[in-house]
Amino acid sequence: MTANRNLRSTHWFGATGRTGMGHRSWMRSQGFTPEVFDGRPVIGIATTWSELAPCNVHLHRVAESVKRGVWQAGGFPLEFPAMALGETLLRPTAMLYRNLLAMEAEELMRANPLDGVVLLSGCDKTTPGLLMAAASVDLPAVMVTGGPMLNGKYRGTDVGSGTAVWRFEEDLVAGRMTQEECVFAEGCMARSNGHCMTMGTASTMASMAEALGMQLPYSATWPAVDARRYETAQRAGQVVVGLVQQHLRPSAIMTRAAFENAIRVNAAIGGSTNAVVHLLAIAGRLGVPLSLDDFDVLARDVPTLVNLQPSGQYLMEDFCYAGGLPAVLRELAEAGLLNADAITVTGTGIGANVADAECWNREVIKTMADPLQPAGTGTAVLRGNLAPGGAVIKQSASSPHLLKHRGQALVFDSPADYYAVSNDPELDVDEDTVLVIRYCGPAGYPGMPEVSNVALPRKLLLRGVRDMVRICDGRMSGTAYGTVVLHVAPEAAVGGPLALVRTGDWITLDVPARTLTLEVSAEELAERRAAWRPPAPHASRGWTRLYCEHVLQADTGADLDFLVGASGHGVPRESH
């Protein structure tokens, strides 16, 4: 055995006596030859593969490609499972478990003989969860996302996962589509391995990982079933061995400059509002100063360039073939809107990585001179007496005529309460009404689920109304659309002003002015607060109790208070 004291793994595999013998012997039960203990870097492959997470079900194959790359570069790859968070099946929401994945993966990385890690993710929460873990451990790391599905195809047209679901639901309620047609369409939307092929949260967070410098160029967009997805994974295995040798860690890559790049990229691609809460959480693990207002300020000068659903027309497969994220990054760089020197896992600045990136389809990736939507139409941050901690709205997916709106509130304490009456033809609601859905925040639901974009009341859909203002302390899917105010903080469950709204109150939304106002006097609100009582706890034990007692609000990332920050990767004490 060769001791390489620069590597953590040497404390396990290069140890003498019974300690080293035990570690090596049990590893050899898997059929490894003694040469793997010769001081080469040990690379962990954290995979969120699971058949309960359909978006991630192919990651075991991706892991095999990563292993090839690690072996080629002289490393020793070891695959290990991390919690799979599929927004497709998990209830009440995968977001409830994002912090648990981050905690689990962090502890596994620190407790095992790893010198670097490759992070395999796919569905929405797996990408930020693993990046949060990697940030807290700060071992050299590369992200490999699983890639989007192929475009959905229904009756000769492209349909997007998620986005089409919301449209089909409205069409079914309004009688424009039959139940049989919906069942057939289900199989048309999701026709290959991979995550949502719209610019939902999965595609957005894959793009954020690339914009942050933690994922190789073009990695965000190759379809899951494209051979280049596996080629990229193999390259990532090679790259991470080099990062170990160079001592290049996430803390040196995910800097303030990198987060600024990510925020601007999110605006340019018409990305999910969920990126806000995830990027804030990742920054919190690194100690990078980042605030909710940064998302508004940094996005104001950035137009929407990518013509993808739900803000536009096309899908991720089209985005990939048009040039992928590097083509967008080059547009931003040439406009002076990219911190080009921000280092990436390639070892070079992000500007150099994309300097020669080509765009092959200007219908999909627009130019700064001829954007899909003008600058200032990205995610906006709202404040006012209804959201003193802030709220967000995705302008590119909203109806322009509703961005300045005054209406009377119709209040529900849960989505279930709303849906129980949403089909009632006598429901007292019109297109000017402001639907308020509350107790859906981090502690309130719990987990801050994607329930904010409730379908419109049936009586309005039958009249042809397709959008109305909705306000909620929860989230909405990145695949969704509509004039929906999200992430209202503080949330209702902790006594935020949203808990004090009553049906009939007047609310004014003014997105250009960045305000959200409840037209009720301070004296009246004080009386209502005195009468308000917090909801009963959701659980008396287990993860849900721990989560609800320690979760932070959306405006700071909804991490657990005791997980903010890092513990590093010091070698733990011996086990025998």
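One structure accompanies this document, and this report is about it. None of these values were measured; they are calculated from a predicted model. (Residues numbered from 1 in each chain as written. Predicted model: local features only at pLDDT ≥ 70, side-chain atom pairs only at ≥ 80, totals over all residues. Heavy atoms only, no water.)

Right, let's talk about the overall build of the protein chain for a bit. Helix and strand counts for the protein chain stand at 20 helices and 14 strands. Rg of the C-alpha trace for the protein chain: 24 Å, near the compact-globule value of 25 Å for 576 residues, within the 12% margin. Projected onto its principal axes, the C-alpha positions of the protein chain cover 80 × 55 × 50 Å. Going through the 576 residues of the protein chain one by one, you find that 62% of them count as buried. The long-range share in the protein chain, meaning contacts at least 24 apart out of those at least 6 apart in sequence, stands at 77%. If the 48 positive side-chain charges of the protein chain are averaged to one point and the 59 negative ones to another, these points end up 5 Å apart. (Helix = DSSP H or I, 4+ residues; strand = E, 2+ residues; numbered from the N terminus. Rg over C-alpha atoms; globule rule 2.2 N^0.38 Å. Buried < 20%, exposed > 50% of the residue type's maximum accessible area, 1.4 Å probe, protein only. Contact = heavy atoms within 4.5 Å. Lys, Arg positive; Asp, Glu negative; His and termini not counted. Charge placed at Lys NZ, Arg CZ, Asp CG, Glu CD.)

A separate point is the environment of Ala 299. Considering the arrangement of structural elements, one finds Ala 299 in helix α13 (residues 292-299). In this structure Ala 299 comes out as buried when scored by relative accessible area, which is 5%. Along the primary structure Ala 299 and Trp 49 are separated by 250 residues, whereas in three dimensions their C-alpha atoms are 34 Å apart. Setting aside chain neighbours within four positions, we find Ala 299 in contact with Ala 267, Asp 294, Gly 376 and Thr 379.

Attention shifts here to the nonpolar core. In terms of nonpolar packing, the biggest core is built from 126 residues, with Phe 76, Leu 119, Leu 120, Phe 259, Leu 279, Phe 319 and Val 328 touching the most fellow members. With near-sequence residues (within four places) excluded, Leu 119 lies in contact with Ala 46, Met 109, Leu 130, Leu 131, Ala 134, Ala 141, Val 142, Met 143 and Val 144. Listed in part, the 31 residues of the second largest apolar core include Ala 380, Val 488, Leu 498 and Val 511. (Core = buried A, V, L, I, M, F, W, Y, C linked by side-chain atoms within 4.5 Å.)

On to the state of the cysteines, then. Think of a disulfide as a covalent bridge from one cysteine sulfur atom to another cysteine sulfur atom. The full count for this structure, using the stated rule, is zero disulfides. In this structure Cys 359 is not part of a disulfide, and its nearest cysteine sulfur, from Cys 320, lies 12 Å away. Given a relative accessible area of 18%, Cys 359 falls into the buried group. (Disulfide = S-S within 2.5 Å.)

Under the counting rule described, the total for this entry stands at eleven aromatic pairs. Measuring from centroid to centroid gives 5.9 Å for Trp 71 and Phe 76, while their planes differ by 40°, and the two rings are tilted. An aromatic cluster of at least three residues, connected via ring pairs, comprises Phe 13, Phe 32, Phe 37, Trp 71 and Phe 76. Stacked on the ring of Trp 506, the Lys or Arg Arg 406 has its end atom at 4.1 Å from the ring centre. (Phe/Tyr/Trp six-rings, centres within 6.5 Å; stacked < 30°, edge-to-face > 60°. Lys NZ or Arg CZ within 6 Å of the ring centre and 35° of its normal.)

Think of two packed helices as two axes; the pair is described by the angle between the axes and how far apart they sit. At a minimum axis separation of 9 Å, helix α11 (residues 256-269) and α13 run at an interaxial angle of 60°. Taken as a pair, α11 and α13 cross one another with a handedness that is right-handed. For the pair formed by α11 and α13, the contact residues are Arg 256, Glu 260, Ile 263, Arg 264 and Ala 267 on the first element and Asp 294, Phe 295, Leu 298 and Ala 299 on the second. Looking at the contact of α11 with α13, its residues break down into five nonpolar, no polar and four charged. (Axes fitted to C-alpha atoms, helices over the stretch in contact; angles between N-to-C directions. Left-handed = near helix turned anticlockwise from the far one by under 90°. Nonpolar A, V, L, I, M, F, W, Y, C, P; charged D, E, K, R; others polar.)

This part covers the pairing of strand β9 (residues 404-412). Note that β9 and strand β13 (residues 506-510) share five bridges and pair antiparallel. In the strand pairing of β13, Arg 406 is matched with Thr 508. In the sheet, β9 pairs with strand β10 (residues 434-437) via four bridges, with the strands oriented parallel. Directly across from Val 411, in β10, lies its bridge partner Val 436. (Pairing = 2+ DSSP bridges.)

By the secondary structure assignment, Asn 6 is in the segment before α1 (10-13). When its relative accessible area of 64% is taken as the criterion, Asn 6 is described as exposed.

Looking at the secondary structure, you find Arg 98 in helix α4 (residues 98-111). Buried charged residue Arg 98 carries no salt bridge. Nearest counter-charge: Asp 559, at 4.9 Å. Excluding residues within four positions of it along the chain, Arg 98 makes contact with Leu 85, Lys 125, Pro 128, Gly 129, Met 132, Val 277, His 278, Ala 281, Gly 557, Ala 558 and Asp 559. (Salt bridge = Lys/Arg side-chain N within 4 Å of Asp/Glu carboxyl O.)

Another point: the environment of Thr 517. With respect to the secondary-structure elements, Thr 517 resides in strand β14 (residues 515-518). With 198 residues separating them in the primary sequence, Thr 517 and Phe 319 have C-alpha atoms 38 Å apart. Sequence-distant contacts of Thr 517, defined by excluding residues within four places in its chain, comprise Asn 385, Trp 506, Ile 507 and Thr 508.

Turning next to unusual backbone geometry. Between Arg 91 and Pro 92 the backbone carries a cis peptide bond, its omega angle lying at 5°. Along the chain, Pro 92 falls in the loop between β2 (76-81) and α4. The residue after Gln 309, namely Pro 310, is reached through a cis peptide bond having omega 10°. Within the secondary structure, Pro 310 is located in the loop between α13 and α14 (316-322). We note that Arg 155 has phi near 50°; this positive angle belongs to a residue other than glycine. Secondary-structure assignment places Arg 155 in the loop between β5 (152-154) and β6 (157-159). With a phi angle near 60°, Tyr 439 is a residue other than glycine that sits in the positive phi range.

Note that β13 and β14 share four bridges and pair antiparallel. Opposite Leu 509, over in β14, you have Leu 516 as the bridge partner. Hairpin remark: β13 followed by β14, antiparallel, with four residues in the connecting loop; positive phi at Arg 514, about 65°.

A few words now on the pattern of salt bridges. Evaluated as defined, the whole model comprises 34 salt bridges. In this structure, the salt-bridge partner of Glu 260 is Arg 256, at a minimum N-O distance of 2.9 Å. With Glu 260 and Arg 256 both in helix α11, this residue pair falls four residues apart, about one helical turn. Overall, the relative accessible area of 28% leaves Arg 256 in the partly exposed class. Where Glu 524 meets Arg 528, a salt bridge forms, and the shortest distance between an N and an O atom there is 3.0 Å. Taken as a pair, Glu 524 and Arg 528 lie in helix α19 (residues 522-531) at a separation of four residues, close to a single helical turn. Owing to a relative accessible area of 25%, Glu 524 belongs among the partly exposed residues under this scheme. In this structure, a network of salt bridges that share partners links the residues Glu 87, Asp 124, Lys 125, Glu 450 and Arg 475.

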